[in-house]
Structures are given as C-alpha cells and as structure tokens.
Amino acid sequence: MPITVVGSIAYDAVKTPFGERERMLGGAAVHFALAASFFDEVRVVGPVGEDFGESEIDVLRRRGVGVADIERIAGGKTFFWRGEYGWDLNSRETLDTQLGVFEGFEPKLSDQSRESEVLFLANIQPGLQRDVREQMPDARFVALDSMNLWIDIARDELVDAIERVDCLILNDAELRQLTGRPNLVSAAREILNWKASGAGGSAGEGAGGRGPSVIVAKQGEYGAALVTAERFFALPAYPLETVIDPTGAGDTFAGGFVGYIAAHSDHELTDDLLRRAMAHGTALASFNVEEFGTERIERLEGEEISARVRELSEITSFSGAPLARLRG
Ligand code: AMP
C-alpha cells in the first residue's frame, strides 16, 4: 500500500569523531523514504530551495521514490541542519537549524499523494504535519515523529497533531519530556489515552477521536521499545562494532517500521506484525549508521536487510524453560 511522507528535505552538516561532511543530503523525509522504498511505493511531499541539486533528487528517484510533490521554491533556501556528536555518539548537539523554504510553506498534495493509504508525518513543524493530515482524512494508518525542538516551542500544536494519528514514534527522552513523566512505560500509556475530541477539530471524520494506539520509543544504540494497550516489546540495536554517523537513524528506523506495515496492510495490525516491523526498522537503522548520511542505504540490497533481520531474531531469542528449582 503506497506511503506518503511529509517532513524535512535537507542539507546536513555533520561532524562525528570519525569525520565530517559539510553539505550532504539529509532530512527526515529523505531518510524515511529511502528506507521505506524497500517495502512499498513512497511519495515525498515537501519544499526545497533553488540551491537543491538535481543529483540529490536522483538519489530518491533511483530507489523509485515519487518526487512529483517535491516543490522547488524560486529564490528559496533548502532546510539546513548542523549537528555534532560526542565521542561515544550518544550525545548530539544541534548547532544550527535553518527552516528556509519550510517557513510559510503550504503543502498542496497531488491526487496521487493524497490517495496513499499510509501516511508518515516525519519530523517538521507540527502545524505542517497537521495540515497534511487534514488533506488525507481517510488514510488507514498514520504515524508521526517529532523532536525536542517542537516540544519546546510548539507543544500544543504537536499534541493536537499526535491526537490525530495511529502511531507515535519518538525518542524515549522526548516521550518523557512531552508527558512530564519520568517513566517510559507510563509516559507511553498516557499518550495511548490521547484522543482528538472531534468537536472543533477539522481533520475530518476519519481523524476525529482516533488517537495513537501504538507508541514506539527510540532508544538510540540501545534499540527501540513498542508499547500498545495490551503489550510491550523491545529490541536492542543490531550490535555493530563500528558506527560512523547516527544521523537519520531514527527516520530510517521509521521507514523500515512503517514500510513493513504498509507492505502488509492487507493483514490485521497484530502484535506479531508490529514486532516484525520493529525488526525491519532496527535492521534498516543499523545500515544507516555504518556510513555518513544516506551513503550506505543508497547501496543497500534487499537481501542484506533480510539477513540482518534473521541475525536479530537469533540474537534476541532465548529458551523460556524455567530453572528446575529456584531458591527462596
Ligand atoms: P535523526 O538523526 O533520525 O533524528 O534525524 C536527523 C535528520 O533530521 C537530519 O537529516 C536533519 O536534516 C533533520 N532535522 C534536524 N532537525 C530538524 C528539525 N528541527 N525539523 C525537521 N528535521 C530536522
């Protein structure tokens, strides 16, 4: 089932202990789209500036991603982000964010993008996420990602957008920040109760009163956890010895996770399906961090993903046989 994604399309400047890139292709929607393209048809919605190269759009085209709704704004500047990582790559500092063409952008989805039954609202201003959500009231599965910046400066808008989706994918620290709850499971459980009132909401019939039923907490090198009303599941990250650049790992995870769900959307959204989606997201993210930006995913083959998912299954399985006798 085709997927539409809106989110940043960017130039990133990134410094890690292993090197740096001054101006590489990035953006949440780009990382997501490349990952999800292994599973289903993807259509990207978002603006770029006059400075955005055709060769960057070709990276998406080569993976079969639909780029008709990437709008080039005359005289505009592409979204720009600069970040630097600490020595263990767990800490990241944002040094610069320039919204550029995203400021004042009004998305107009083509009929084709609007017809996708799966929608991913990748990280960008929550008002824009809500705007795109409103243009796709009948989407069957809608997921949303965000970040601390928007919790800091646009929390009400963000909560409003979250209340209109089925699935929230957020870093664990951001889940805590968003809810003010120090415990991850209780933070996730609180959000599972958020629902758009419907009354006064203009997202249309399909979105009113829905609210998230799936919460994914991204935990960086420690993996990701899944919380639903009934169940909990967690996977560690794939154990790599060398990580070069974590930029976009979260979006690449989301691309694998949502992509897998979209490719199986004729199935019910069971716990089993969600767990397999987690494994595919985890595998995709592990490739992303092996090189800078989109470099590794651009060369990735489907069979490599399957092999890593099999390894993850082995790494995380254990026998449930209880000890014959427990003391105490
Ligand atoms: P991740 O490492 O998964 O958190 O995502 C990194 C990507 O997010 C980079 O490619 C950036 O271009 C993009 N990004 C960083 N800050 C923002 C922001 N405030 N809004 C949207 N995208 C952002």
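Residues numbered from 1 in each chain as written. Predicted model: local features only at pLDDT ≥ 70, side-chain atom pairs only at ≥ 80, totals over all residues. Heavy atoms only, no water.

A. How the structure looks around the pairing of strand 2 (residues 10-16). A large share of strand 2 lies buried, amounting to 6 of its 7 residues. Relative to strand 3 (residues 19-26), strand 2 is paired through 6 bridges, and the arrangement is antiparallel. From the neighbouring strand, threonine 16 faces strand 3, where its bridge partner is glycine 19. What sits between strand 2 and strand 3 in their antiparallel hairpin is a turn of 2 residues. (Buried < 20%, exposed > 50% of the residue type's maximum accessible area, 1.4 Å probe, protein only. Helix = DSSP H or I, 4+ residues; strand = E, 2+ residues; numbered from the N terminus. Pairing = 2+ DSSP bridges.)

B. A look at the sheet that holds strand 5 (residues 70-73). Taken together, 9 strands build an open sheet; the order of strands is 5-4-1-8-9-10-11-12-13 and the sheet is mixed. Every interior strand has two partners, whereas the edge strands, strand 5 and strand 13 (232-235), have only one. Here the average twist between neighbouring strands, direction ignored, is 15°. As defined by bridge partners, strand 12 (residues 224-228) adjoins strand 13 across 4 bridges and the pair is classed as antiparallel. Pairing of alanine 225 across the sheet is with alanine 234, part of strand 13. Lying over the sheet, helix 7 (residues 172-179) contacts strand 10 (167-171) and strand 11 (214-218), oriented at roughly 110° with respect to strand 10. (Axes fitted to C-alpha atoms, helices over the stretch in contact; angles between N-to-C directions. Contact = heavy atoms within 4.5 Å.)

C. Representation of the confidence of the model for the chain. For the chain, the mean per-residue pLDDT works out to 93, and 96% of the residues sit at or above 70. With pLDDT under 50 throughout, residues 199-208 is counted as low confidence; its partners more than four residues away or in other chains account for 18 contacts. (pLDDT = per-residue confidence, 0-100.)

D. Focus on the sheet that holds strand 7 (residues 92-98). Taking strand neighbours across the sheet as the criterion, the 4 strands line up as 3-2-6-7 in an open arrangement whose pairing is mixed. The outermost strands of the open sheet, each flanked by one partner alone, are strand 3 and strand 7. Adjacent strand axes in the sheet meet at a mean angle of 15°, parallel and antiparallel pairs treated alike.

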